[in-house]
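Listed below are the residues making up each chain.
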Amino acid sequence: MSNYFTYILTNSTKKVLYVGMTNDLEQRLVEHFLNRGKPETFAGRYYCYYLLYYERFTLPGHALESEKEIKDWNRKRKEGLINSLNPEWKFLNSEIMLWPPDPETTAR
């Protein structure tokens, strides 16, 4: 069975929200971490690599639909979704993987 994820990231001050979709959440978190500070991407530009919310799907289309739907929401509604499962807005990265990633093993 395959896994696909819709997820929401933030930066250290929790002022920016980024919504994405992937089939490998651990690898995607590493990619966001490695792209921090890079202006070419939204998440990189705003240092968004802290996981606040994720949802697992078995079909890629369902994850993509969820991502598109959440991206269309205003911030207040996104905050409500995060609050429903993570009311303290804890960074969930360490639930998915060893965090922070080891620079020796994650270098590109």
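For every chain, the first residue of the written sequence is number 1, and numbering continues from 1 along that sequence. A pLDDT threshold of at least 70 governs which residues receive local features in this predicted model, and a stricter bar of 80 or more applies before side-chain atom pairs are shown or counted, although totals over entire chains, interfaces and linings include all residues. To get the side-chain values, all heavy atoms of the structure are used, and hydrogens and water are removed first.

**Q** For this particular structure, what's the right way to read the pairing of strand S1 (residues 4-10)?
**A** A regular strand places its side chains so that they alternate between the two faces of the sheet. For every residue, the accessible area obtained with a 1.4 Å probe (protein chains only) is divided by the maximum for its type, and the residue is called buried under 20%, exposed over 50%, and partly exposed between those limits. Under the DSSP-based scheme used, a helix requires at least four consecutive residues in state H or I and a strand at least two consecutive residues in state E, with every element numbered from the N terminus. For S1, a buried count of seven out of seven residues is recorded, marking the element as mostly surrounded by other parts of the structure. Covered by surrounding structure in S1 are Tyr-4, Thr-6, Ile-8 and Thr-10 together with Phe-5, Tyr-7 and Leu-9, the residues of both alternating faces. Between any two strands, at least two bridges found by DSSP are needed for them to pair. Summarising the sheet, S1 and strand S3 (residues 50-57) pair through seven bridges and their orientation is antiparallel. The residue bridging Ile-8 from the neighbouring strand is Tyr-53, located in S3. Bridge analysis of S1 against strand S2 (residues 17-22) gives six bridges, and the strand direction is antiparallel. Bridging from a neighbouring strand, Thr-10 pairs with Leu-17 of S2. As consecutive antiparallel partners, S1 and S2 are separated by six residues, and within that stretch Lys-14 has a phi angle of approximately 60°, a positive value.

**Q** Just checking my understanding: could you explain the packing of aromatic side chains for this structure?
**A** Two descriptors summarise a pair of aromatic rings, namely the distance from one centre to the other and the angle between the planes of the rings. Classification of ring pairs rests on two measures: the distance between centres of Phe, Tyr or Trp rings, Trp counted by its six-membered ring, which must be within 6.5 Å, and the angle between planes, read as stacked under 30 degrees, edge-to-face over 60 and tilted in between. If you walk through the whole model with that rule in mind, you get nine aromatic pairs. When the ring of Tyr-49 is compared with that of Trp-99, the centres are 6.2 Å apart and the planes differ by 35°; the resulting orientation is tilted. Of this pair, Tyr-49 sits in the loop between helix H2 (42-45) and S3 while Trp-99 sits in the loop between helix H5 (93-96) and helix H6 (103-106), and the two are 50 residues apart along the sequence. In this structure Tyr-49 comes out as buried when scored by relative accessible area, which is 11%. One cation-aromatic arrangement involves Arg-36 over Phe-33; the distance from NZ or CZ to the ring centre is 3.9 Å. Only when the NZ of Lys or the CZ of Arg is both within 6 Å of the ring centre and within 35 degrees of the ring normal is a charge said to sit over the ring.

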